[in-house]
Amino acid sequence: MVGRSELEAVGSYPDFEVLTRAGAGKADYFCAAGEFAKRWLKARNADRLVVISVRDPSRFRANRLAVAFGLNGEEPAQADYLRVGGPRVGQAASVGHSIALCDAARASRVLEN
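Since this is a predicted model, take the numbers as computed values, not measurements.

Quick notes on the rules
- Residues numbered from 1 in each chain as written.
- Predicted model: local features only at pLDDT ≥ 70, side-chain atom pairs only at ≥ 80, totals over all residues.
- Heavy atoms only, no water.
- Core = buried A, V, L, I, M, F, W, Y, C linked by side-chain atoms within 4.5 Å.
- Buried < 20%, exposed > 50% of the residue type's maximum accessible area, 1.4 Å probe, protein only.
- Helix = DSSP H or I, 4+ residues; strand = E, 2+ residues; numbered from the N terminus.
- Disulfide = S-S within 2.5 Å.
- Pairing = 2+ DSSP bridges.
- Axes fitted to C-alpha atoms, helices over the stretch in contact; angles between N-to-C directions.
- Contact = heavy atoms within 4.5 Å.

### Overview of the nonpolar core
In a soluble, globular protein the nonpolar side chains are often hidden away together inside.
And step 1. Phe16, Val18, Tyr29, Ala37, Leu49, Phe69 and Leu71 are the most contacted members of the largest nonpolar core, which totals 21 residues.
And step 2. Among the elements of the structure, strand E2 (15-19), helix H1 (26-40), strand E3 (48-57), strand E4 (65-71) and helix H2 (95-112) are those that each provide at least two residues to this core.
And step 3. With 6 residues, the single largest contributor to this core is H1.

Set out below in structure tokens:
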């Protein structure tokens, strides 16, 4: 599914993937994950998204790399992960916060053009 994030998310509950794209940042991946979880998995805004793996071969698309997310995964030991650049294993955010990052991701693309 491609939404406002411009990245494709694939999979099902509880684990799914956002396919990588050159130039995409952490906000882009969390935005796509939040949109996918909300629209297709019927997640609530308070549900948690946790990065399971980063840039591993996709389980759903041949010859593609993906960032894997878990819905309602374990709360990370340190909740300050979103200040670190790039998606990393263990980073977590609520579905609502992830969707809010879509505006930040879009603004970043506009500024780059």
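### Describing the state of the cysteines
And step 1. Summed over all chains, the structure comprises 1 disulfide.
And step 2. Here cysteine 31 pairs with cysteine 102 through a disulfide, and the sulfurs are 2.0 Å apart. Between cysteine 31 and cysteine 102 the disulfide shows an S-S torsion of about 100°. By sign, it is right-handed. Of this pair, cysteine 31 sits in helix H1 while cysteine 102 sits in helix H2; the two residues are 71 residues apart in sequence, bridging distant segments of the chain.
And step 3. Judged by relative accessible area, which is 1%, cysteine 102 ranks as buried.

### Some words on the sheet that holds strand E1 (residues 9-11)
And step 1. With antiparallel pairing, 5 strands are arranged side by side in an open sheet as E1-E2-E4-E3-E5. A strand with exactly one partner marks an edge of an open sheet, and here the two such strands are E1 and strand E5 (92-94). Strand after strand, the sheet turns through a mean of 35° between neighbouring axes, direction not considered.
And step 2. With 5 bridges joining them, E2 and E4 adopt antiparallel strand pairing. By the bridge assignment for E4, glutamate 17 is matched with alanine 68.
And step 3. Its contacts with the sheet place H1 against E1, E2, E3, E4 and E5, and it is angled at close to 135° to E2.

### Quick word on the environment of valine 10
And step 1. Position of valine 10 relative to the elements: it lies in strand E1.
And step 2. Taking C-alpha positions, valine 10 is 8.5 Å from arginine 61, a pair spaced 51 residues apart along the chain.
And step 3. Residues within four places of valine 10 in sequence aside, it is in contact with Phe16, Glu17, Leu19, Phe36, Phe60 and Arg61.

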